[in-house]
Amino acid sequence: MEYEYMLMRNEKETQNRCCGGRVWCVQDICGIICAVLTWSLILYAEFVVTMVILIPHPYKAYRYINFIIFNTGSFLAFASHLRTMLSDPGAVPKGNATKEMIQQLGYQEGQVFFKCPKCCSIKPERAHHCSVCQRCIRKMDHHCPWINNCVGENNQKFFVLFTFYIAFISIHSIFLAVNQFCLCIKNEWRECSNYSPPATVILLLFLILEALLFAVFTMIMLGTQLNAIWTDETGIEQLKKEEARWVKKSRWKSFQAVFGHFSLAWFSPFTQPLRAKHENYLYSV
């Protein structure tokens with residue numbers, strides 16, 4: 001049976017929302033701290049790359065090209081993080097398992113459907129309950145504290161872009177920092193940086209350590225997300241080894257379901273794939 005994906009669009013929800021209900025925002029202290037820490041680390045990398053590495057560099061072409069590349073990547077990473085964090089991941093409306101709603105959805109007497117005992121919702125196929133968001137999430141992959149949100153049907157694209165751009169700027173900053181070390185060793189330390197040699201060494205070493213940790217972490221997450229899309233099986237479904245009761249899409253169709261039709265918009269955190277109709281998913285907030 002198929003239902004319009006936006007069947008419950010007009011139902012008002014206040015949980016996990018701010019700005020008068022217009023913006024999705026999970027009110028979890030741990031998640032908020034992790035999100036602020038993520039922004040702080042991006043800003044630190046921005047400071048070291050710009051002020052310590054690029055501005056004092058003697059070659060203008062090297063300076064300007066790398067400035068544009070790194071700052072573009074940082075901006076897209078930051079934008080992807082915000083879109084992932086502030087996007088409804090696919091929450092099912094709370095308390096919609098009423099007799100009236102069951103009749104409105106067209107269920108016949110004796111027909112089997114699943115109800116979440118924690119949020120009293122009619123659970124669409126492949127939906128799972130998140131204890132942090134306190135909602136059932138359609139096609140939930142996992143809850144990530146670093147984005148203070150679940151990764152689900154509506155924001156998986158933004159999470160993939162976030163991991164991709166963080167991995168990119170991490171590798172780029174490692175290259176810049178190592179190259180700066182080589183430049184300072186060949187020349188006088190005081191001439192290769194606007195800061196004292198000890199301060200320069202500490203700033204560069206911390207940048208390399210941060211970039212290595214972020215590069216490894218985000219590349220692993222990027223790989224797992226791409227594998228989940230490739231196999232049309234979420235992280236929770238893989239972990240629980242759930243039997244596939246749904247009709248799996250082809251690999252290309254699975255990617256299109258997340259990113260839309262192939263174009264440069266795949267790499268933009270400012271575009272949302274258009275979905276006219278979805279199979280087996282009942283509700284949207």
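Look above for the structure.
These notes cover the structure that comes with them.

So, how was this worked out
- Residues numbered from 1 in each chain as written.
- Predicted model: local features only at pLDDT ≥ 70, side-chain atom pairs only at ≥ 80, totals over all residues.
- Heavy atoms only, no water.
- Helix = DSSP H or I, 4+ residues; strand = E, 2+ residues; numbered from the N terminus.
- Buried < 20%, exposed > 50% of the residue type's maximum accessible area, 1.4 Å probe, protein only.
- Contact = heavy atoms within 4.5 Å.
- Polar contact = N/O pair within 3.5 Å; in protein donor to acceptor, adjacent residues only side chain to side chain.
- Core = buried A, V, L, I, M, F, W, Y, C linked by side-chain atoms within 4.5 Å.
- 1 Å grid on protein atoms, 1.4 Å probe; cavity = no way out; pocket = protein on both sides within 12 Å on 5 of 7 lines; lining within 4 Å.
- Points joined across faces, edges and corners; volume = space filled by probe spheres on them.
- Nonpolar A, V, L, I, M, F, W, Y, C, P; charged D, E, K, R; others polar.
- Salt bridge = Lys/Arg side-chain N within 4 Å of Asp/Glu carboxyl O.

1. Thoughts on the side chain of S80
Line of reasoning, step 1. The residue S80 is located in helix α2 (residues 60-85) in this model.
Line of reasoning, step 2. Taking relative accessible area as the criterion, S80 reaches 0% and is therefore assigned buried.
Line of reasoning, step 3. Not counting residues within four places of it along the chain, the set of residues in contact with S80 comprises F158, L161, F162, Y165 and P269.

2. Remarks on the side chain of H81
Line of reasoning, step 1. Along the polypeptide, H81 turns up in helix α2.
Line of reasoning, step 2. Overall, H81 belongs to the buried group, its relative accessible area being 0%.
Line of reasoning, step 3. Only 2.7 Å separates the side chain of H81 from the backbone oxygen of W146, close enough to count as a polar contact.
Line of reasoning, step 4. Beyond its immediate stretch of four places on either side in the chain, H81 contacts A35, T38, W39, W146, I147 and F162.

3. Some thoughts on the nonpolar core
Line of reasoning, step 1. Counting residues in each nonpolar core, the largest one holds 31 residues, and the members touching the most others are V48, I53, F159, I166, L204 and L207.
Line of reasoning, step 2. Not counting residues up to four positions away in its chain, the partners in contact with F159 are T84, H142, C144, I147, V151, M221 and Q225.
Line of reasoning, step 3. Residues V26, C130, I137 and M140 belong to the second largest nonpolar core, which totals 9 residues.

4. A word on helix α7 (residues 251-259)
Line of reasoning, step 1. Every buried residue of α7 is accounted for by S254, F255, Q256, V258 and F259.
Line of reasoning, step 2. Check the buried side of α7 and you find it contacts α4 (156-186) and α5 (197-231).

5. Describing empty space enclosed by the protein
Line of reasoning, step 1. As enumerated under the stated definition, the model contains 2 cavities of 30 Å³ or more in all.
Line of reasoning, step 2. Estimates place the volume of the largest cavity at around 100 Å³.
Line of reasoning, step 3. Lining of the largest cavity is provided by L41, I42, A45, F70, I166, I169, S170, S173, L207, E210, A211 and F214.
Line of reasoning, step 4. Broken down by secondary-structure element, the contributors of at least two residues to the lining of the largest cavity are α1 (29-54), α4 and α5.
Line of reasoning, step 5. The residue inventory of the lining of the largest cavity, partitioned by class, reads 9 nonpolar, 2 polar and 1 charged.

6. Structural notes on the pattern of salt bridges
Line of reasoning, step 1. Counted according to the given criterion, the structure contains 5 salt bridges.
Line of reasoning, step 2. R126 is the partner of D232 in a salt bridge, and the nearest nitrogen-oxygen pair spans 3.2 Å. Here D232, found in the loop between α5 and α6 (235-240), pairs with R126, found in the loop between β5 (121-123) and β6 (128-130); they are 106 residues apart in sequence, far enough to count as distant.
Line of reasoning, step 3. The class of D232 is buried, set by a relative accessible area of 1%.

7. Quick notes on unusual backbone geometry
Line of reasoning, step 1. Residue Q134 is not a glycine yet carries a positive backbone phi of 60°.
Line of reasoning, step 2. With respect to the helices and strands, Q134 occurs in the loop between β6 and β7 (135-137).
Line of reasoning, step 3. By relative accessible area, Q134 is classed as partly exposed at 41%.
Line of reasoning, step 4. Even without being a glycine, D232 presents a positive backbone phi close to 55°.

8. A word on the environment of G73
Line of reasoning, step 1. Its location among the elements puts G73 in helix α2.
Line of reasoning, step 2. Classification of G73 as buried rests on a relative accessible area of 4%.
Line of reasoning, step 3. Here the alpha-carbon distance between G73 and I169, two residues 96 residues apart in the chain, equals 6.0 Å.
Line of reasoning, step 4. Beyond its immediate sequence surroundings of up to four residues, G73 is in contact with Y165 and I169.

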